[in-house]
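An overview of the molecular structure
What follows is each chain in one-letter form.
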Amino acid sequence: LKFIFGPSAVPALDLVDQRSVTRVRSPSGMTLYQVLGSSGKLYTCYSSCHFCTCPAFGFSVLQKSESLLCKHILAVYLSQAMGACQELAVSEEQLTNILLAEEEDEG
């Protein structure tokens with residue numbers, strides 16, 4: 001994993017070991033992931049479009065194209081493969097609030 005994903009591999013595995021990945025599902029089937037980062041901040045990841053709200057994703061992946069993904073996205077993919085995701089069922093309103101909270105954090 002380290003050969004393919006570089007420096008993101010070990011921290012991502014640490015996040016999986018700590019069970020920091022939660023799959024959030026609404027009744028309509030919308031799914032997103034929340035990852036509790038090593039700093040204690042909660043990041044939202046969208047595996048369907050390969051996106052994370054963390055600063056490292058914005059800088060290393062989007063701006064610099066130095067990496068394919070951040071440790072949070074890699075932790076999501078590893079958790080999916082290993083069946084290690086926490087599960088959280090939410091209402092459509094709760095999901096909307098999660099998405100709006102992310103938008104406010106960015107703004």
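Cut-offs used in this document
- Residues numbered from 1 in each chain as written.
- Predicted model: local features only at pLDDT ≥ 70, side-chain atom pairs only at ≥ 80, totals over all residues.
- Heavy atoms only, no water.
- Helix = DSSP H or I, 4+ residues; strand = E, 2+ residues; numbered from the N terminus.
- Rg over C-alpha atoms; globule rule 2.2 N^0.38 Å.
- Buried < 20%, exposed > 50% of the residue type's maximum accessible area, 1.4 Å probe, protein only.
- Contact = heavy atoms within 4.5 Å.
- Core = buried A, V, L, I, M, F, W, Y, C linked by side-chain atoms within 4.5 Å.
- UniProt positions renumbered as here; feature names shortened; annotations may be inferred.
- Expected span 1.5 Å × (residues − 1).
- Pairing = 2+ DSSP bridges.

The secondary structure content of the protein amounts to five helices and five strands. When the helices and strands of the protein are read in sequence order from the N terminus, they spell out α-α-β-β-β-β-α-α-β-α. Whereas a compact globule of 107 residues would reach a radius of gyration of roughly 13 Å, the protein reaches 13 Å, a difference of no more than 12%. If you line up the protein on its principal axes, its C-alpha atoms span 40 × 35 × 25 Å. Of all 107 residues assigned to the protein, the portion counted as buried reaches 37%. Within the protein, contacts between residues at least 6 apart in sequence are counted, and of these 54% link residues at least 24 apart.

What follows covers the nonpolar core. By size, the foremost hydrophobic cluster in this structure holds 22 residues, and its most contacted members are Val-21, Cys-45 and Cys-52. Counting residues per element, the ones that place at least two in this core are α2 (9–17), β2 (31–36), β3 (42–46), α3 (55–63) and α4 (71–82). Here the element with the most residues in this core is α4; it accounts for five residues. Not counting residues within four places of it along the chain, the set of residues in contact with Val-21 comprises Tyr-33, Gln-34, Val-35, Ala-75, Val-76, Ser-79, Ala-84, Cys-85 and Gln-86. By size, the runner-up hydrophobic cluster in this structure holds six residues, among which are Leu-32, Tyr-46, Val-90 and Ile-98.

A few words on the UniProt feature "domain: SWIM-type" (unreviewed entry) in the protein. Here the UniProt-annotated "domain: SWIM-type" (unreviewed entry) positions come out as residues 43–81. Taken end to end, residues 43–81 is 51% helix and 15% strand, and its first and last C-alpha atoms sit 20 Å apart.

Another aspect to go through is the side chain of Gln-34. Looking at the secondary structure, you find Gln-34 in strand β2. On the basis of relative accessible area, Gln-34 is assigned to the buried category, the value being 13%. For Gln-34, the residues in contact, after removing those within four places along its chain, are Ser-20, Val-21, Thr-22, Val-24, Leu-42, Tyr-43, Thr-44 and Ile-98.

Glancing now at α4. With twelve residues, α4 extends 16 Å from end C-alpha to end C-alpha; this agrees with the ideal 16 Å at 1.5 Å per step. Along α4, the residues classified as buried are His-72, Ile-73, Leu-74, Ala-75, Val-76, Leu-78 and Ser-79. Packed against the buried residues of α4 are α1 (2–5), α2, β1 (21–25), β2, β3 and β4 (51–52). Gly-83 occupies a position one or two residues after α4 and carries a positive phi of about 65°.

Spatial ordering of the open sheet is given by β4-β3-β2-β1-β5, a layout of five strands whose pairing is mixed. Edge positions in the open sheet fall to β4 and β5 (86–89), since each of these has one partner strand only.

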